[in-house]
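# Results of the structural survey
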Amino acid sequence: MTTTAGQRIDQANAEVVRRLTEPDVRWVGVGRAIDHVPGMRPNLVLHSGPPIEWDDMCPLQRESVLGAVLFEGLATTRDEAVTLLDRGEIELDPCHEHSAVGAMTGVTSASMGMLIVENAEFGNRAYCKVVERQLQFGQHSEEIFANLLWLAEDLGPALDEALGAIGGISLMPLIAKALHMGDECHNRNVAATALVEQAIAPALAEAAGPGRLPRMLRYFQDIDQCFLGLAMATGKALTEPATAVDGSSVVTTMARNGVEFGIKVSGLGDRWFTGPAQPIDGAFLPGYDDSQATRDIGDSTITETVGLGGMVAANALTAGAIGGAGAQQVIDRTRDNMELSAGRSKAFTIPVLDFEGGGVGIDVRQVVKLDMPPMLLTGIGGNRPPFGRIGAGQVLPPMDPFVAALRALGESLS
Amino acid sequence: MSEIVTRGRILTGQYQDSVWLMRAGEALRARDGIDGVGIVMGTPRNLELLEEGGLLFEGAREQATPNDIVVAVSGEAEAVDAALADAPEVVRKPAGATAARSFASLRGALAAADGAASLALVSVNGEHAASEAREALEAGLDVMVFSDNVDVEDEVALKRRAAELGRVVMGPDCGTAILSGVGLGFANEVPRGAVGVVAASGTGAQAVSTLLAGRGMGVSQLIGLGGRDLEDEVGGATLASALAALDADPDTETIALVAKKTGQRVLADLLARVGQLRTPLVACLLGQGPWWVLELAGARVARSLDEAAAAASGLVDGAKAPEPVVDTALATEWRERLGDGRALHGRFAGGTLAQEALDVAAALLGPVRSNLGGEDIDSPHTLIDLGDDEYTTNAPHPMINPTQQAEHLRAALGEADTGAVLFDVVIGHGSHEDPAGVLAPAIAEGLAEAGREGREALVACSVCGTDGDPQQRASQVEQLAAAGATVLRTNAEAALLAALAVASPPAAVAEVPELLGRPMGTVVNVGSSWFADALAAQGVDVVHVDWRPPAQGDDELRELLDSLA
């Protein structure tokens, strides 16, 4: 039987789910963080996950931050960088506080190239660093910095011009299509990457010119996961207007920084609820094991927050196999995640489940009631030099933030 | 207006039996200005009962001995004094003195009977009853001991001696028997027939015999056992003889046994005997008890007196009509009229009828406050056996004079929460000449008073008797119905109607659910997969929920979730 509070929550949730599923999101541009990201400053470095002090950061994220400081030229040596950071002269903020998201360590600084997307219904924009798979895994070097620069100053502007020429690219239909091609758009984005490359290639060719085009196309080839950046930015663009719907128990943010796992719940606005980041249960590249693994890290769980990734895992059975799971397990996991959801997607459907819509809008009430946080798939970063990506696997978030959020919601409604 | 007083006198060295004295008391109480009368032998117990009834006049305890008749009267002073003045006459010659030949002693009476005596009917004070009964036994008579308050050791010895002599002792505390068509004690006019009744219960025997008559059946013999015969201490001594006698009796085709309680050994013994009887047996054992086991030996166990009569009739004749069916529609109608929170009050003359009614009422209403073993029960419903000692020491037994019963009924109707009043009327030889004549006016007045206060109440009753009885059953029924009572054919039906009228209402009639009308679709199994497997093995489409306790069994979280659900 529904209580009055329950009815209020259900109604609020329905609105949140609508905001997460109905608006289209368009890829409208690429530009430097300092030029586009709200509140960006030269000495500000953004990171993934909930707020955390420099001293508390895990080694992987610290390494990425150091790299960013060096990239920006705020320090010339590692020691200098460390000193600046120890003295608090470099500001650190979660990407999330600046309408941005970042993969793995998520480290984003002023000069980096950002994917820019726009919510077609609400008009808000969201940003994600162009996926580069190096600094985000704690690796930095002159070569890597040169690549970052190329992304920001060559590829970026070319893509931006191409997008301008074609009026942007509608992402929701593209994602829906990719989901029927073996992607789930968190750990598996190859189809989406191919589709977006397909969509932009002619205009990019025009903008880049025959000299620069090959290297740009190779970017898509080398980083076939690069659509993740657009998927994440899409998630951020959808969730921002869905925040602060009074009385809603739907999760609007899930993010980790290797030390803590944090969530936000719509009805509780901008408050973070955190718990310890969990070790990842996964498969490792040769020579690595979990003693060298960083715990759960990255803003990429913004995808699950809007019904992608684990919420449609059954569309990417091979990605699920990474975690050592069989096909039926992946399907079961997908069904479990549906049980946590306040609503269903109309656009993102799951063929193997008879085209049922994927779950959207994780309800903290359900998470606590079933004692079942959403199962996630994620990459694993090393926790010591040379850092880097050392494997991939599955992880269950801690229950603490969900329980704390439920209690806070209960209080706010009584 | 004259002052209200309680006075008395002692008639020394005189003796009369308690029934005799009750009638004398009745004669005095009927006078104007008299409130209460107690005429008893001066035994300590009787004096106690006088005291409880507020009639123990000054000096009584000091002066009275068990060999004296104590006359206590309360009322207006003038009337009291007049009554006391007349007491010796009244006690010596109450209305309706015996027409029989009279002797000073049993020996004298036996001598005068000159060998023709076959049965002694003893109703003297309990203290003396055993020795009188013993003398009669030794003289070759069977004995019916009406008296109660006989020591159990005396009863055991008496019955042992009787068995040795091939004689039967019916009693003590045996109020009813019919032998060779002759009614002994309180008995009804019933046709002779094929059912032999054996009873450790007076009104139980009366009820079964009259219900048999109502079904066109008759009674071959009715043997009383006495109230204590079936307890283990007495061991069913008379029962054994009675069953043997009825089994051998060529006129008895079926035996009906009526009792209210049995000892464990007696029950086992009875079960064994049942197996050996040639004659089929119907046992009606009221109150709570494991008597169903008798069915395993071939007896029919009846749960009501009428069921016993029906079963016995069926065994004799195959024909059993009418079937006992209660009009539940009438009960439902009353229940609606009375509404919630109404109480049932039963006031009974017959002990067995009270027990049967209590069984029915308690089944539907839960424990009922009653002097049949439930004095401490906290219940709005009450049921009183007015024939119990407590009520019959300074008042006549209700079967002899229903005045007290009438007062109780009127009082019950006067209470605001009364929903149903339940009672019995027992007619026949020995009973009051017109019980309905006393009860009906009280009912009519009680109902009128309730009506003036805007209240309704159901008055339910039954009449135990036949049209052949002096009071005529039909006439009794008519008077009661005219006064506003609902007269049911049997005591159990009256109890059922009254209990249902105040019981919790039945749930609203359900619409026919689809359950059986739709084919078995998918079964959702929640919990143990064991069941899901069993369903799957039957080819049923089953979906399994791998259940876990909400919030991992954390109560606080679960409450929070419930409040936000």
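Note: the structure precedes this text.
As a starting point, this report considers the structure included with it. Just so it is clear, the structure is predicted and the values come from calculations on it, not from any experiment.

A word on the overall build of chain B. Check the secondary structure of chain B and you find 21 helices and 21 strands. Here chain B holds 565 residues, and the buried ones make up 48% of them. Counting contacts in chain B only where the partners sit at least 6 residues apart, residues at least 24 apart contribute 70% of the total. In the form shown here, chain B has an accessible surface area of approximately 25900 Å², with 51% of it arising from carbon and sulfur atoms.

Another aspect to go through is the nonpolar core. Counting residues in hydrophobic clusters, the biggest one holds 88 residues, and the most contacted among them are A:Trp27, A:Val65, A:Val69, A:Val117, A:Cys185, A:Tyr219 and A:Phe227. With 13 residues, the single largest contributor to this core is helix H7 (residues 190–222) of chain A. Not counting chain neighbours up to four residues away, the residues in contact with A:Cys185 comprise A:Ile175, A:Ala178, A:Leu179, A:Ala192, A:Phe227, A:Leu228, A:Ala231, A:Thr303 and A:Leu308. Formed by 59 residues, the second largest nonpolar core is a distinct cluster that contains B:Ala308, B:Ala361, B:Leu365 and B:Ala498.

Right, let's get into the interface of chain B and chain A. In this complex, chain B contributes 13 residues to the contact, which on the side of chain A involves 17 residues. With both sides pooled, the region where chain B packs onto chain A buries about 1200 Å², and carbon together with sulfur makes up 64% of that total. Ranking the residues of chain B by area buried against chain A places B:Arg548, B:Leu561 and B:Leu564 at the top, with a combined share of 44%. At the boundary of chain B with chain A, the tally comes to one salt bridge. In this structure, the salt-bridge partner of B:Glu556 is A:Arg407, at a minimum N-O distance of 2.7 Å. Our count for the contact surface shared by chain B and chain A stands at six residue pairs in polar contact (both at pLDDT 80 or more). Across the side of chain B that touches chain A, the residue classes break down as eight nonpolar, two polar and three charged.

Turning next to a negative patch on the surface. Residues and elements named next belong to chain B. Taken together, the side chains of Glu-52, Asp-148, Asp-173, Glu-375, Asp-376, Asp-389 and Glu-390 define an acidic patch exposed on the protein surface. Inspection of the secondary structure assignment puts Glu-52 in helix H2 (residues 44–52). The exposure class of Glu-52 is exposed, given its relative accessible area of 58%.

Helix length check: helix H1 (residues 18–29) of chain B, at 12 residues, gives a terminal C-alpha distance of 16 Å against a target of 16 Å (1.5 Å per residue), a fit within 8%. Looking at the buried residues of H1(B), the elements they touch are strand S2 (34–41), strand S3 (69–76), helix H4 (77–92) and helix H15 (389–392) of chain B.

Residue and element names in this part refer to chain A. In space, the four strands of this open sheet follow the order S10-S9-S8-S12, with antiparallel pairing throughout. This sheet does not close on itself; its edge strands, each paired only once, are strand S10 (273–276) and strand S12 (297–298). Bridge count between strand S9 (residues 260–265) and S10: four bridges; the pairing is antiparallel. Note that in S10 the partner of Glu-260 across the bridge is Pro-276. Along the sheet face, helix H13 (residues 400–413) touches strand S8 (251–257), S9 and S10 and points at about 155° away from the line of S10.

Before going further, it helps to spend a moment on a nonpolar patch on the surface. Residues and elements named next belong to chain B. Taken together, the side chains of Val-524, Val-526, Val-543, Val-545 and Trp-547 make up a nonpolar region of the molecular surface, amounting to roughly 460 Å² of accessible area. Of all elements in the fold, only strand S20 (523–526) and strand S21 (542–545) reach the threshold of two or more residues within the nonpolar patch. Position of Trp-547 relative to the elements: it lies in the loop between S21 and helix H21 (555–563). The class for Trp-547 is exposed, based on a relative accessible area of 52%.

With respect to the element layout, A:Glu132 can be found in the loop between strand S6 (125–129) and helix H5 (142–166). Of note is the side chain of A:Glu132, whose polar atom sits 3.0 Å from the side chain of A:Lys129.

Another point: the pairing of strand S12 (residues 281–285) of chain B. All names here are of chain B. Counting buried residues along S12, five of its five residues qualify, which places the element largely inside the surrounding structure. Residues Leu-281, Ala-283 and Leu-285 line one face of S12 and the alternating positions Val-282 and Cys-284 line the opposite face, and both faces are buried. Of the strand pairs in this sheet, strand S11 (residues 254–259) and S12 are connected by five bridges, and their pairing is parallel. By the bridge assignment, Ala-259 is partnered in S12 with Leu-285. For the segment spanning S11, helix H10 (residues 264–276) and S12, crossover handedness is right-handed. In this sheet, strand S13 (residues 300–302) lies alongside S12 in parallel orientation, the contact comprising three bridges. Across the sheet, Cys-284 pairs through a bridge with Ala-302, a residue of S13.

On to the packing of helix H8 (residues 202–214) of chain B against helix H14 (residues 351–365) of chain B. Residues and elements named next belong to chain B. At a minimum axis distance of 5 Å, the contact between H8 and H14 shows a crossing angle of 80°. Between H8 and H14, the interaxial angle falls into the category roughly perpendicular. Packed against H8, whose contacting residues are Gly-202, Thr-203, Gly-204 and Ala-207, the element H14 presents Gly-351, Thr-352 and Leu-353 at the interface. Considering only residue class, the contact of H8 with H14 consists of two nonpolar, five polar and no charged.

Turn by turn, an α-helix covers 3.6 residues, leaving residues three or four places apart pointing in a common direction. Residues and elements named next belong to chain A. Here H5 spans 35 Å end to end across 25 residues, near enough to the 36 Å set by a 1.5 Å rise per residue. For H5, the principal kink sits at Gly-156 and spans about 35°; a proline, Pro-157, occurs within the next four residues. In this structure, the buried side of H5 is in contact with strand S1 (25–32), helix H3 (59–71), strand S5 (113–119), strand S7 (169–170) and H7.

Take the pattern of salt bridges next. Residues and elements named next belong to chain A. This model, assessed by the stated rule, comprises 45 salt bridges over all chains. Taking the shortest distance from any N to any O, the salt bridge between Glu-240 and Lys-236 comes out at 3.3 Å. Classification of Glu-240 as partly exposed rests on a relative accessible area of 25%. For Arg-256, the salt bridge identified is with Asp-296, shortest N-O distance 3.0 Å.

On to unusual backbone geometry. Going from A:Pro385 to A:Pro386, the amide bond is cis rather than trans, its omega being 0°. Among the structural elements, A:Pro386 can be located in the loop between strand S15 (376–381) and strand S16 (389–395). A cis amide bond links B:Gly171 with the next residue in sequence, B:Pro172, at an omega value of -5°. The topology assignment puts B:Pro172 in the loop between strand S6 (169–170) and strand S7 (176–179). In this model, A:Met104 sits at a positive phi of 50°, which is unusual for a non-glycine residue. Relative to the assigned elements, A:Met104 resides in the loop between strand S4 (100–101) and S5. Positive phi, normally seen in glycine, also occurs at A:Phe355, with a value near 65°. Considering the arrangement of structural elements, one finds A:Phe355 in the loop between strand S13 (341–350) and strand S14 (356–362).

Conventions used here
Residues numbered from 1 in each chain as written. Chains lettered and ligands numbered in written order. Predicted model: local features only at pLDDT ≥ 70, side-chain atom pairs only at ≥ 80, totals over all residues. Heavy atoms only, no water. Helix = DSSP H or I, 4+ residues; strand = E, 2+ residues; numbered from the N terminus. Buried < 20%, exposed > 50% of the residue type's maximum accessible area, 1.4 Å probe, protein only. Contact = heavy atoms within 4.5 Å. Areas by Shrake-Rupley, 256 points an atom, 1.4 Å probe, with all protein chains shown as cover. Core = buried A, V, L, I, M, F, W, Y, C linked by side-chain atoms within 4.5 Å. Buried area = accessible area lost by both parts, 1.4 Å probe. Salt bridge = Lys/Arg side-chain N within 4 Å of Asp/Glu carboxyl O. Polar contact = N/O pair within 3.5 Å; in protein donor to acceptor, adjacent residues only side chain to side chain. Nonpolar A, V, L, I, M, F, W, Y, C, P; charged D, E, K, R; others polar. Patch = residues over 30% accessible without salt bridge, like charges linked within 9 Å, V, L, I, M, F, W, Y side chains within 5 Å. Lys, Arg positive; Asp, Glu negative; His and termini not counted. Charge placed at Lys NZ, Arg CZ, Asp CG, Glu CD. Expected span 1.5 Å × (residues − 1). Pairing = 2+ DSSP bridges. Axes fitted to C-alpha atoms, helices over the stretch in contact; angles between N-to-C directions. Right-handed = clockwise from strand over helix to strand, strands pointing away. Parallel < 35°, antiparallel > 145°, perpendicular 65-115°, else oblique. Bend = angle between axes of the 7 residues up to and from the residue.

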